[in-house]
Amino acid sequence: MKRAFVFAAAIVLSASVALASVKPGDKSELKVDTKASKVYWTGKKVTGEHTGYVVIGDGSVVLKDGKLDGGVINMDMTTIESTDMQGEWKDKLVGHLKSDDFFSVEKHPVATLKVKSVKASGAKSVVTGDLTIKGITHEVEFPVETKVVDGTLIASGTAVLDRTKWDIRFRSGKFFTDLGDNLIYDEFEIKFDLVAKSAEELTSL
């Protein structure tokens, strides 16, 4: 009986110490693992769609009470790639996407998402942030799924955007008529797959 009491007391004491070490409102910063993270895009037109990705150049996220609370993600637009085409046609598409008809990569090599708030919404959370493309900033909002495992943040979410807000008007029905099968839809998707770790852990990789 005495041993059982001592064992129970030890459990209570260790739990109390653990709780005392976690202070409400505590914040920490993690660095984006650029090798494990990407941004995928999908653009649609009357006759089909194209898909691809952009490499994340750098970024960081803020955790509050162990949950995503903010951050900055810088996307290297010079790395834009197509995953649905090959050879000459792929090169033409990528070159066109980098041109002034689309993302003006030479003038604006970086696109940035700044996370301003994260609110719980059922099983997911809703991220609100400022997205800057081609030097133009607009607020965006989209759902994300996040989890923190052994100090590593794993997050994914998909935003549906109106490209014309960022002055991407090529073959848009808002600005051109009689496009027929050449019409490209204004809405496109970007899907974030993000992994973030402590700076010490990334350095050790």
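Refer to the structure above for everything that follows.
What you see is a predicted model; the values in this text were computed from it and never measured.

**Overview of the packing of aromatic side chains**
Counted by the stated rule, this structure contains 2 aromatic pairs. With 5.4 Å between their ring centres and 55° between their planes, F102 and F170 make a pair best called tilted. Within this pair, whereas F102 is found in the loop between α2 (87-98) and β5 (110-121), its partner F170 is found in the loop between β8 (152-162) and β9 (184-197), the two being separated by 68 residues in sequence. Relative accessible area serves as the criterion here: at 10%, F102 is assigned to the buried category.

**Notes on the side chain of T164**
By the secondary structure assignment, T164 is in the loop between β8 and β9. A distance of 2.7 Å separates polar atoms of two side chains, one belonging to T164 and the other to D162. When sequence neighbours within four positions are dropped, the list of residues in contact with T164 reads S172, K174, F175 and D186.

**What about unusual backbone geometry?**
Phi is positive for D65, close to 55°, though the residue is something other than glycine. Judged by relative accessible area, which is 45%, D65 ranks as partly exposed. For D178, which is not glycine, the phi dihedral falls at a positive 55°. The topology assignment puts D178 in the loop between β8 and β9. Residue D178 is classed as exposed on the basis of its relative accessible area, which comes to 80%.

About the cut-offs
- Residues numbered from 1 in each chain as written.
- Predicted model: local features only at pLDDT ≥ 70, side-chain atom pairs only at ≥ 80, totals over all residues.
- Heavy atoms only, no water.
- Phe/Tyr/Trp six-rings, centres within 6.5 Å; stacked < 30°, edge-to-face > 60°.
- Helix = DSSP H or I, 4+ residues; strand = E, 2+ residues; numbered from the N terminus.
- Buried < 20%, exposed > 50% of the residue type's maximum accessible area, 1.4 Å probe, protein only.
- Polar contact = N/O pair within 3.5 Å; in protein donor to acceptor, adjacent residues only side chain to side chain.
- Contact = heavy atoms within 4.5 Å.

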